[in-house]
Amino acid sequence: MSDQVEQWIAILSLAFPVAAFLWEFAVIGRKRLGHRVQMDTLAADAAGKPYAGVLNDMQHDGHQLKDPSFVLLRIENAGSAKIVSEDYLADPTDPYGIKVTFRARQVAAVVLTDPSQGVLRDFFFRSERYLADDGTERTRTVAKDGFSRDNIPEERTGIIRLPKVTLLRGAEYKVLVVLERWPEDTTKDPFPDPVVEGAEGPSRWYDPLVRLLRLKATRTESHVFASRPAWWVIWTLIAAVAVQAGFTLLVSDERRPPMDCVGGTLHLSGSTAFGPAVRAAAEDYLKRCEGADDLSIPLDDNPFKGSTDGVTDLDQAGRDAATSVGDGLGDHITFTDGVASDGHPRLVPKPVAFSVFTLVVNKDAGVENLSLAQIRDVFAGRVKNWTELGGNDVPVHLINRDPGSGTRRTLVAKVLADREPPQFTVTDCAALKAKQYGRCQVTSTDTMLNTTAGTPGAIGYSEAAGVDDHQAADRLVKLRIDGRQPTAEGVEDTNYPYWQTEYAYTYGEAPADSVAAAFLNFLTQQSGRDILHEHGHGLCSEAQNSGECRPI
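Everything numeric in this text was worked out from a predicted model, so none of it was measured.

Trainee: What is the right way to look at the side chain of Thr-445 in this model?
Mentor: Of note, Thr-445 is situated in helix α9 (residues 445–454). Here Arg-401 takes part through its side chain, which lies 3.3 Å from a polar atom of the side chain of Thr-445. With residues near it in sequence (within four places) discarded, Thr-445 still touches Thr-272, Ala-273, Arg-401 and Ser-462.

Trainee: Looking at this structure, how should I read the confidence of the model for the protein?
Mentor: It should be kept in mind that the predicted coordinates are not to be read in detail where pLDDT is low. Of all residues in the protein, 80% have pLDDT values of 70 or greater, and the mean over the chain is 83. Element-level pLDDT for the protein is lowest in strand β13 (residues 220–221), with a mean of 46, against a maximum mean of 97 in helix α7 (residues 372–379). Taken together, the stretch residues 210–225 has pLDDT below 50 and engages in 47 contacts with residues farther than four places along the chain or on a different chain. In the predicted structure, residues 251–257 sits below a pLDDT of 50 and forms 19 contacts with residues beyond four places in sequence or in another chain.

Trainee: Mind showing me how you'd approach the sheet that holds strand β5 (residues 96–103) here?
Mentor: In sheet architecture, strand pairing relies on hydrogen bonds along the backbone and comes in two forms, parallel and antiparallel. Here we have 4 strands laid out as an open sheet, ordered β9-β10-β5-β12, and antiparallel in their pairing. The sheet terminates laterally at β9 (148–152) and β12 (195–198), the two strands that pair on one side only. Along the sheet, successive strands turn relative to each other by an average axial angle of 20 degrees, direction set aside. Taken together, the 7 bridges between β5 and strand β10 (residues 157–163) define a ladder with antiparallel strand orientation. Of the residues in β10, the one forming a bridge with Tyr-96 is Pro-163.

Trainee: Help me out: how do you make sense of the packing of helix α5 (residues 275–288) against helix α12 (residues 515–525) in this one?
Mentor: The relative placement of two packed helices is expressed as an angle between their axes plus a distance between the axes. Closest axis-to-axis distance for the α5/α12 pair is 11 Å, and the angle between their directions is 110 degrees. One way to sum up the angle between α5 and α12 is to call them roughly perpendicular. In the crossing of α5 with α12, the sense of the turn from one axis to the other is right-handed. Contacts between α5 and α12 involve Val-278, Ala-281, Ala-282, Asp-284 and Tyr-285 from the former and Ala-518, Phe-519, Phe-522 and Leu-523 from the latter.

Trainee: Teacher, can you tell me more about the state of the cysteines here?
Mentor: Covalent bonding between the sulfur atoms of two cysteines is what defines a disulfide. Under the criterion given, the structure shown has 2 disulfides. The partner cysteine of Cys-429 in its disulfide is Cys-440, sulfur to sulfur 1.9 Å. Judged by the sign of its S-S torsion, about 95 degrees, the cystine formed by Cys-429 and Cys-440 is right-handed. Taken together, the residues Cys-429 in the loop between α8 (406–414) and β21 (438–442) and Cys-440 in strand β21 connect sequence positions 11 residues apart. Neither Cys-429 nor Cys-440 differs from the other in exposure class; each is buried.

Trainee: Whenever I open this one, the pairing of strand β11 (residues 172–181) confuses me. Can you help?
Mentor: Put simply, side chains in a regular strand alternate between the two faces of the sheet. Judged by how many residues are buried, β11 sits mostly within the fold: 8 of 10 residues are covered. When strand β4 (residues 69–77) meets β11, the two strands line up antiparallel, connected through 8 bridges. Its bridge partner lying in β11, Ile-75 is registered against Tyr-173. With 8 bridges connecting them, strand β6 (residues 105–113) and β11 associate as antiparallel partners. Bridging from a neighbouring strand, Thr-113 pairs with Lys-174 of β11.

Trainee: Just checking my understanding: could you explain the nonpolar core for this structure?
Mentor: Residues Leu-359, Phe-379, Trp-386, Ile-459 and Tyr-498 are the most contacted members of the largest nonpolar core, which totals 41 residues. Elements that contribute at least two residues to this core include exactly β18 (347–362), α7, β20 (397–401), α8, β21, β22 (458–463) and α11 (488–494). Ranked by residues supplied to this core, first place goes to β18 with 5 residues. In this structure, Leu-359 is in contact with Ile-375, Phe-379, Leu-411, Gly-460, Tyr-461, Val-477, Lys-478, Leu-479, Ile-481 and Tyr-498, ignoring residues within four places of it in sequence. With 30 residues, the next largest nonpolar core counts Val-262, Val-278, Leu-295 and Ala-516 among its residues.

Trainee: I would appreciate a short explanation of the pattern of salt bridges in the present structure.
Mentor: Charged atoms that come close allow side chains of opposite charge to pair. Here the structure, examined in full by the defined rule, presents 20 salt bridges. Here Glu-76 ties to Arg-74 by a salt bridge, and the two come within 3.6 Å at their closest N and O atoms. Given a relative accessible area of 13%, Glu-76 falls into the buried group. For the salt bridge of Glu-197 with Lys-99, the shortest nitrogen-to-oxygen distance reads 3.7 Å.

Calculation notes
Residues numbered from 1 in each chain as written. Predicted model: local features only at pLDDT ≥ 70, side-chain atom pairs only at ≥ 80, totals over all residues. Heavy atoms only, no water. Helix = DSSP H or I, 4+ residues; strand = E, 2+ residues; numbered from the N terminus. Polar contact = N/O pair within 3.5 Å; in protein donor to acceptor, adjacent residues only side chain to side chain. Contact = heavy atoms within 4.5 Å. pLDDT = per-residue confidence, 0-100. Pairing = 2+ DSSP bridges. Axes fitted to C-alpha atoms, helices over the stretch in contact; angles between N-to-C directions. Parallel < 35°, antiparallel > 145°, perpendicular 65-115°, else oblique. Left-handed = near helix turned anticlockwise from the far one by under 90°. Disulfide = S-S within 2.5 Å. Buried < 20%, exposed > 50% of the residue type's maximum accessible area, 1.4 Å probe, protein only. Core = buried A, V, L, I, M, F, W, Y, C linked by side-chain atoms within 4.5 Å. Salt bridge = Lys/Arg side-chain N within 4 Å of Asp/Glu carboxyl O.

Laid out in structure tokens, this is it:
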């Protein structure tokens with residue numbers, strides 16, 4: 001998944017919760033008229049109660065109620081703003097604001113109960129003067145036009161209508177409705193749930209806009225958590241997070257972009273063994289920093305020609321730039337296998353990783369595991385044929401790197417007890433005789449592996465991770481040393497001896513805002529670490545034993 005896609009998903013993942021909150025509480029929640037059916041029960045359900053007989057004997061208009069039932073309905077302002085008469089979706093001339101329909105039941109009585117504020121009663125009742133039978137004028141309380149009940153025999157439904165009550169935020173009232181089964185209904189079917197709805201008004205051209213902006217309480221809602229639009233927003237957010245997690249965990253293996261991308265030309269050089277990992281990290285860095293001003297890292301001309309050559313070139317670059325003492329060169333980095341040789345006082349090392357090296361033999365030799373003593377005998381020239389070590393009857397052909405190679409210096413220091421191999425017997429490895437012991441010397445890791453693979457009985461050495469992916473890997477064997485495998489785990493767990501710290505050298509301390517400092521940060525603290533792992537290197541920052549990154 002591309003960085004832009006990931007960024008957009010991250011932006012949307014942040015925007016959706018904000019949008020959901022604003023929609024729920026600033027738009028939808030601004031005008032919300034909620035309802036709850038708190039009770040809907042039959043008188044028969046009270047069997048065994050002290051008042052059961054009273055409930056079953058209730059009468060209306062001179063007859064005993066048939067299957068009487070009771071509904072307690074709560075109406076509340078569940079929004080964040082006051083609801084006034086104009087907020088109800090109804091004809092302005094219509095006094096009703098809410099209609100409640102009871103199917104299969106007729107309404108016997110309706111009572112207002114528990115208003116949160118006494119003033120709410122004034123929306124339901126009014127006082128009127130009337131002339132009594134004795135001729136005196138008296139006052140009585142009657143229901144207003146907006147508070148009424150009605151029964152429709154043709155549809156077998158009962159209806160109550162509630163007025164357009166002004167409700168402050170959090171205000172509520174309840175109505176208790178007494179109902180009975182229609183006389184013609186001889187069934188004992190359970191009653192359907194009440195249907196609560198805003199009173200219908202005439203259709204107007206601007207009603208869709210009114211509903212969208214929630215300027216009016218367009219319907220009553222049974223509301224326990226979020227509105228339907230808010231649920232859509234929440235599920236969309238969940239889907240966005242799931243998509244991003246799926247790409248991250250299951251599909252994408254691309255690495256995060258660097259935290260900083262600095263322009264300029266960065267020159268890399270040094271170890272041929274560590275070079276493939278650095279090259280891969282540099283290519284990834286260029287990809288991650290695409291668009292950075294004038295950023296380039298020349299890699300076409302194989303800048304990794306050996307630790308010694310790299311150090312020499314870095315020292316010369318610093319001198320050519322006339323870098324003052326106390327300042328640093330910000331566009332050159334050299335990587336070495338181990339500490340650089342003396343004579344370069346301006347170079348500053350930084351341990352980056354530890355590389356694991358391996359001895360490689362041609363399969364014809366017939367060996368896979370040698371002791372440290374046997375290896376020293378081979379490189380001292382005391383073993384001429386592999387049969388002496390239990391292998392095949394093939395002469396030993398010793399392939400060495402040139403003395404400036406960091407891989408060779410590590411072999412001498414870590415495996416050969418500081419004893420240099422004897423001088424080559426031929427200057428060109430192609431001159432080695434198939435039936436005769438001999439020694440030769442090469443200048444690069446690639447040449448080392450090709451020569452060892454193509455020469456029966458040959459033995460050489462290389463950076464371990466580079467062997468498996470080499471074109472000649474099928475004709476090579478990575479030797480174990482005293483049974484220990486040439487891996488980073490072998491170094492940490494079994495003290496495999498043939499390894500070396502990889503150092504990054506700069507001429508002086510690279511300025512903090514330089515391309516060299518940015519790349520080193522990427523290599524050791526960001527996605528470059530994953531690339532080093534992929535190439536079989538252990539990270540100094542993660543080493544269990546700090547001694548695994550100390551100088552030889």
